[in-house]
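# Fold and contact review
Listed below are the residues making up each chain.
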Amino acid sequence: MMSDLASLLAVTLPLSWAAAVSPVTLSIFLVIMSMAKKPRLAGFSFYIGAIVVLLVTVLIGIFLGQKLSSAGHGDPITMASIDIFLGAVLFLLGLRNLATKEHGKSNNILNRLQVDPKISTPRQFIKYTSIGIVAFLMNFSTAIFVLAVGRAIGVANAGFINDSASVIILIIIALLIIEIPLIFFVVVPDKAHNIMNPINEWISNHGNIVTGLFCLAIGFYVVYNGLQKLGIS
């Protein structure tokens, strides 16, 4: 069982770390936290919304992987073809991000989604959770990697315990970009804004470049890896 889990993690861990690179989502989270009258409520609600999106996405990936395997399409050639397609999508996504000049427009969207502190706590929870869901739905590059993790889990068919462990590890790693600043806001709330505001400003100015270069690099790697499986490169 441990060997099955180790083999599965060898495939899913790199993809999980790739899914964690999300400057836009971090920027949205920091803006929400800076506007919220109850940062802890806002942060945990946003986090739950993100988990919901990741769970649904990885489950879709697992379903697709199981269908590929059961239909006899889990062979290396088919998997390599899928990798090449996903790599090409990432490459195009990277070019789009590099061509985008107004990265900070997400902040303007969130300024129109301020949560009224006078409404009840349950309604605030629902509002912040929905913002977390929308923020991660906007993050297409993360969705691709999470789908790839789910596909790998579905094709491997390593058993419920191993699959569950892989999904939990995926969520922890992919959401580090939220978990780390959230810890700051919980442990040292007075200093958190001073620490995170410069980070948010830098991301607002350069996040599209970071995301674009990352998607280009990973897209190239995924395509190259797929071509190697086909014996072309």
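As a starting point, this report considers the structure included with it.

Scoring rules and cut-offs
- Residues numbered from 1 in each chain as written.
- Predicted model: local features only at pLDDT ≥ 70, side-chain atom pairs only at ≥ 80, totals over all residues.
- Heavy atoms only, no water.
- Helix = DSSP H or I, 4+ residues; strand = E, 2+ residues; numbered from the N terminus.
- Buried < 20%, exposed > 50% of the residue type's maximum accessible area, 1.4 Å probe, protein only.
- Contact = heavy atoms within 4.5 Å.
- Areas by Shrake-Rupley, 256 points an atom, 1.4 Å probe, with all protein chains shown as cover.
- 1 Å grid on protein atoms, 1.4 Å probe; cavity = no way out; pocket = protein on both sides within 12 Å on 5 of 7 lines; lining within 4 Å.
- Points joined across faces, edges and corners; volume = space filled by probe spheres on them.
- Nonpolar A, V, L, I, M, F, W, Y, C, P; charged D, E, K, R; others polar.
- Axes fitted to C-alpha atoms, helices over the stretch in contact; angles between N-to-C directions.
- Parallel < 35°, antiparallel > 145°, perpendicular 65-115°, else oblique.
- Left-handed = near helix turned anticlockwise from the far one by under 90°.
- Expected span 1.5 Å × (residues − 1).
- Core = buried A, V, L, I, M, F, W, Y, C linked by side-chain atoms within 4.5 Å.
- Patch = residues over 30% accessible without salt bridge, like charges linked within 9 Å, V, L, I, M, F, W, Y side chains within 5 Å.
- Salt bridge = Lys/Arg side-chain N within 4 Å of Asp/Glu carboxyl O.

Here the focus is the overall build of the chain. Within the chain, the secondary structure is distributed over ten helices and zero strands. Mapped in sequence order, the helices and strands of the chain form the string α-α-α-α-α-α-α-α-α-α. The buried share of the chain, taken over its 233 residues, is 44%. Residue pairs in contact within the chain that sit at least 24 positions apart in sequence constitute 85% of those at least 6 positions apart. For the chain, the exposed surface amounts to about 12,000 Å²; the carbon and sulfur share of it is 70%.

Attention now goes to the layout of surface pockets. Each pocket or cavity is described by its volume, and for the largest pocket that value is around 620 Å³. Around the largest pocket, the lining is made up of 27 residues, and of these Val-11, Leu-15, Arg-151, Asn-225 and Lys-229 lie nearest the centre. Elements supplying a minimum of two residues to the lining of the largest pocket: α1 (2-19), α4 (76-99), α7 (140-156) and α10 (189-229). Looking at the lining of the largest pocket, the element that brings in the most residues is α1, giving eight residues. Its residues assigned to classes, the lining of the largest pocket shows 20 nonpolar, three polar and four charged.

Here we take up unusual backbone geometry. With a phi angle near 50°, Asn-157 is a residue other than glycine that sits in the positive phi range. On the secondary structure map, Asn-157 appears in the loop between α7 and α8 (160-174).

What follows covers the packing of α7 against α8. Two elements in contact, α7 and α8, have axes whose closest approach is 10 Å; the angle formed by their N-to-C orientations is 165°. Judged on the interaxial angle alone, α8 and α7 are roughly antiparallel. Remark: the crossing between α7 and α8 carries right-handed chirality. For the pair α7 and α8, contact is made by Val-146, Val-149 and Ile-153 and by Asp-163, Ser-166, Val-167 and Leu-170, respectively. The class makeup of the residues in the contact of α7 with α8 is five nonpolar, one polar and one charged.

What follows concerns α7. Between the first and last C-alpha of α7 there are 24 Å, a value that for 17 residues agrees with the 24 Å anticipated at 1.5 Å per step. Burial analysis of α7 places twelve of its 17 residues in the buried class, which makes it a mostly covered element. Turning to α7, its buried residues number three or more, namely Ser-141, Thr-142, Ile-144, Phe-145, Val-146, Ala-148, Val-149, Gly-150, Arg-151, Ala-152, Ile-153 and Gly-154. Two residues or fewer after α7 comes Asn-157, characterised by a positive phi angle close to 50°.

Further remarks concern the nonpolar core. Of all hydrophobic cores here, the largest spans 47 residues; its most connected members are Phe-29, Phe-46, Tyr-128, Phe-136, Phe-145, Leu-175 and Ile-178. Looking at this core, the element that brings in the most residues is helix α3 (residues 39-70), giving eight residues. When near neighbours in sequence (up to four residues on either side) are disregarded, Phe-46 contacts Thr-25, Ile-28, Phe-29, Tyr-128, Thr-129, Ile-131, Gly-132, Ala-135, Phe-136 and Ile-178.

This part takes up a nonpolar patch on the surface. Residues Ile-48, Val-52, Val-56, Ile-60, Phe-63, Leu-64, Phe-125, Ile-126 and Leu-147 make up a contiguous nonpolar surface patch of about 750 Å² in total accessible area. Broken down by secondary-structure element, the contributors of at least two residues to the nonpolar patch are α3 and α6 (121-137). A total of six residues in the nonpolar patch trace back to one element, the largest contributor, which is α3. Mapped onto the elements of the fold, Val-52 is located in helix α3. Under the relative-accessibility criterion, Val-52 is labelled partly exposed at 36%.

In this structure, Gln-124 sits in helix α6. Given the relative accessible area of 2%, Gln-124 is considered buried. In this structure, Gln-124 is in contact with Lys-38, Leu-41, Val-115, Asp-116, Pro-117 and Ile-119, ignoring residues within four places of it in sequence.

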